[in-house]
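Take a look at the letters that make up each chain.
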Amino acid sequence: MQPVQLQKDKLELIEWITQLEDSTVIEKLIAIMEEEVNYGYKLSDEQKLMLEEGAAKYDSGEERGYTWEEIKNNAAELKKLINEKKA
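Procedures and definitions
Residues numbered from 1 in each chain as written. Predicted model: local features only at pLDDT ≥ 70, side-chain atom pairs only at ≥ 80, totals over all residues. Heavy atoms only, no water. Helix = DSSP H or I, 4+ residues; strand = E, 2+ residues; numbered from the N terminus. Buried < 20%, exposed > 50% of the residue type's maximum accessible area, 1.4 Å probe, protein only. Salt bridge = Lys/Arg side-chain N within 4 Å of Asp/Glu carboxyl O. Patch = residues over 30% accessible without salt bridge, like charges linked within 9 Å, V, L, I, M, F, W, Y side chains within 5 Å. Areas by Shrake-Rupley, 256 points an atom, 1.4 Å probe, with all protein chains shown as cover.

Colleague: Teacher, can you tell me more about the environment of G54 here?
Modeller: Mapping G54 onto the fold places it in helix α3 (residues 45-60). Note on G54: relative accessible area 31%, which makes it partly exposed. Between the alpha carbons of G54 and E35 there is a distance of 25 Å; along the sequence they are 19 residues apart.

Colleague: Explain the pattern of salt bridges here, please?
Modeller: Side chains that differ in sign of charge can pair as their charged atoms come close. The tally for this structure, following the rule as stated, stands at three salt bridges. Note that K72 and E69 form a salt bridge whose closest N and O atoms lie 3.0 Å from each other. Placement of both K72 and E69 in helix α4 (residues 68-86) is noted, with a separation of three residues, approximately one turn of the helix. Classification of K72 as partly exposed rests on a relative accessible area of 37%. A relative accessible area of 45% places E69 in the partly exposed class.

Colleague: Got a minute to help me understand the environment of E34 in this structure?
Modeller: Its location among the elements puts E34 in helix α2 (residues 23-37). Its relative accessible area of 42% is what places E34 among the partly exposed residues. Separated by 49 residues in the primary sequence, E34 and N83 have C-alpha atoms spaced 45 Å apart.

Colleague: In this structure, what is going on with a nonpolar patch on the surface? I would like to understand it.
Modeller: Side chains of L13, W16 and I17 sit close together on the surface and give an oily, nonpolar patch of about 290 Å² of accessible area. With respect to the helices and strands, I17 occurs in helix α1 (residues 3-18). The class of I17 is partly exposed, set by a relative accessible area of 37%.

Geometry only, nothing functional implied.
Right under this line is the structure:
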């Protein structure tokens, strides 16, 4: 879509939305907007809880985080061990 046409379409949508009286359509538009903001990712309640628990453990010092370098080094070591076992 050309930039000029895109701007025209957006203005038409804005005008249309301001005149909407159907709450169902508004709810659908809000859902689309939220999906866009979240890049289509939705976490289940269980996943959210896991993240919250992990963050709490990190914040309390119960568990530590790892730097990207530590993660790469650990992965390289694990790969090395796996390759040694295969040989």
